[in-house]
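The primary structure of each chain is shown beneath.
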Amino acid sequence: EFVDEMALKDAVLRIIFKKIQNNSHDAYSKIIKEKESLSEILKLIFSNSNSIETEMRVIFFKICSKYNVVFGWNALDLIKDFQERVSEEIRESNEFLKWIEVVTKIINGENVNLLFDDSGNITLRAMTLVLLNPQLDHLENLKRNSSLSIGDEVYQLSCDFVEARFGYSFLNYKQRDLTNIKDFN
């Protein structure tokens, strides 16, 4: 439990660092100072107009931090873990059940036609990309060089999830020196 909590803190620190780099320093500085729990910080970072998607984003981010680069990556384990953590409302929704069916087919090597544009459930699409491509360079290459039409929102959320696997501690000293996030420690 302690290891998972430290991995999550490191992942949250990384996402805050990324947001601050993207010129959101004041907003995230305020979030850091006002919220005590990592879950509350994640809810604020990943909130959107759909509370179900917000819940899925927070849970999947936590899972990505748990299955970090040190721990290892098994897509089927992640899906099972995700199913156990989401609310019953999500778990029983048709959209979620269909996603589980499709993503399981993909992992099993079946041919499935996928959409990754920003017109559907951005969270489930981003999660699918990450399950299949858990490295930033893989996502970047896929975005640049594939025939898939990956939406900007799907891509950015996918990157956020993948960065949770590496956390702040994987940044080098030059990257860390770009901004000051001492308030979070």
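All figures in this text were calculated on a predicted structure; none of them were measured in a lab. (Residues numbered from 1 in each chain as written. Predicted model: local features only at pLDDT ≥ 70, side-chain atom pairs only at ≥ 80, totals over all residues. Heavy atoms only, no water.)

## What about the overall build of the protein chain?
The cut-off we apply is this: A helix here means a DSSP run of H or I that spans at least four residues, while a strand means a run of E at least two residues long, and both kinds are numbered starting from the N terminus. In this scheme, a residue with accessible area under 20% of its type's maximum is buried, one over 50% is exposed, and one in between is partly exposed, where area comes from a 1.4 Å probe on protein chains only. The contact criterion used is simple: two residues touch if any of their non-hydrogen atoms lie within 4.5 Å. Here the accessible surface of atoms and residues is derived via Shrake-Rupley with a 1.4 Å probe, and residues count as covered only by protein chains that are part of the display.
Across its full length, the protein chain carries 11 helices and zero strands. Listing every helix and strand of the protein chain by position from the N terminus yields α-α-α-α-α-α-α-α-α-α-α. Out of the 185 residues in the protein chain, the part that is buried amounts to 46%. Long-range pairs, those at least 24 residues apart, make up 67% of the contacts in the protein chain between residues at least 6 apart in sequence. Total accessible area computed for the protein chain in this model is approximately 10,200 Å², and 46% of it derives from carbon and sulfur atoms.

## Examining the nonpolar core
Grouped burial of nonpolar side chains is what soluble globular proteins tend to show. Basically, it comes down to this: By convention a nonpolar core is built from buried Ala, Val, Leu, Ile, Met, Phe, Trp, Tyr and Cys residues, the set being connected through side-chain atoms within 4.5 Å.
Counting residues in each nonpolar core, the largest one holds 49 residues, and the members touching the most others are Val12, Phe60, Phe61, Phe82, Trp99, Leu131 and Phe161. Contributing elements (two or more residues each) for this core: helix H1 (2-21), helix H3 (38-46), helix H4 (51-66), helix H5 (75-85), helix H7 (94-107), helix H8 (122-132), helix H9 (136-145) and helix H10 (152-166). With eight residues, the top contributor of residues to this core is H10. Not counting residues up to four positions away in its chain, the partners in contact with tryptophan 99 are Phe82, Leu124, Met127, Thr128 and Leu131.

## A few points about the packing of aromatic side chains
Filter applied, for reference: Under the pairing criterion, centres of Phe, Tyr and Trp rings, with the six-membered ring standing for Trp, must be within 6.5 Å; the plane angle then separates stacked pairs below 30 degrees from edge-to-face pairs above 60, leaving the rest tilted.
Evaluated as defined, the whole model comprises 10 aromatic pairs. Summarising the aromatic geometry, the rings of phenylalanine 17 and tyrosine 168 are spaced 5.6 Å apart at their centres and angled 70° between planes, so their arrangement reads as edge-to-face. Residue phenylalanine 17 is located in helix H1, and its partner tyrosine 168 is located in the loop between H10 and helix H11 (173-176); the two are separated by 151 residues in the primary sequence. One exposure class covers both phenylalanine 17 and tyrosine 168, and it is buried. When the ring of phenylalanine 166 is compared with that of phenylalanine 170, the centres are 5.8 Å apart and the planes differ by 85°; the resulting orientation is edge-to-face. Ring pairing ties together the aromatic residues Phe46, Phe60, Phe61, Phe82, Phe96, Trp99 and Phe161, which thus form one cluster.

## Some details on a nonpolar patch on the surface
What counts is decided by this rule: Each patch is built from salt-bridge-free residues with over 30% relative accessible area, joining like charges within 9 Å and nonpolar side chains (Val, Leu, Ile, Met, Phe, Trp, Tyr) within 5 Å. Each salt bridge in this description consists of a side-chain nitrogen of Lys or Arg and a carboxyl oxygen of Asp or Glu lying within 4 Å of one another.
A cluster of nonpolar residues, Phe2, Val3 and Met6, forms a patch on the protein surface that exposes about 340 Å² of accessible area. Take phenylalanine 2: it is sitting in helix H1.

## Some thoughts on the side chain of aspartate 10
Cut-off, in case you're wondering: N or O atoms within 3.5 Å of each other form a polar contact, as long as, within protein, one can give a hydrogen and the other can take it, and as long as residues adjacent in sequence are counted only when both atoms are side-chain atoms.
In this structure, aspartate 10 sits in helix H1. Using a relative accessible area of 18% as the deciding quantity, one classes aspartate 10 as buried. In this structure the side chain of aspartate 10 is engaged in a polar contact, spanning 2.8 Å, whose partner is the side chain of serine 169. Each residue touching aspartate 10, except ones within four places of it in the same chain, is listed here: Phe166, Gly167, Tyr168 and Ser169.

## What about the environment of alanine 75?
Within the fold, alanine 75 resides in helix H5. Not counting chain neighbours up to four residues away, the residues in contact with alanine 75 comprise Ile107 and Leu131.

## Details of H10
Test applied: A helix is expected to span 1.5 Å for every residue after the first.
When the terminal C-alpha atoms of H10 are compared, their 21 Å separation across 15 residues agrees well with the 21 Å that a helix rising 1.5 Å per residue should span. Burial of H10 is extensive: 12 of the 15 residues sit out of reach of the surface. Within H10, the full set of buried residues consists of Val154, Tyr155, Leu157, Ser158, Cys159, Asp160, Phe161, Val162, Glu163, Ala164, Arg165 and Phe166. Considering only its buried residues, H10 is in contact with H1, H3, H4, H8 and H9. Immediately beyond the C-terminal end of H10, within one or two residues, lies glycine 167, with a positive phi of roughly 70°.

## Re H5
Selection rule: Throughout, the arc means the angular range of directions from the helix axis out to the C-beta atoms.
Three or more residues of H5 are buried, namely Ala75, Leu78, Ile79, Asp81 and Phe82. Down the axis of H5, the smallest arc covering the buried residues is 165°, so these residues share one side. Every exposed residue of H5 that faces more than 90 degrees away from the buried side is listed here: Lys80 and Glu84. Residues of H5 that are buried in the fold lie against H4, H7 and H8.

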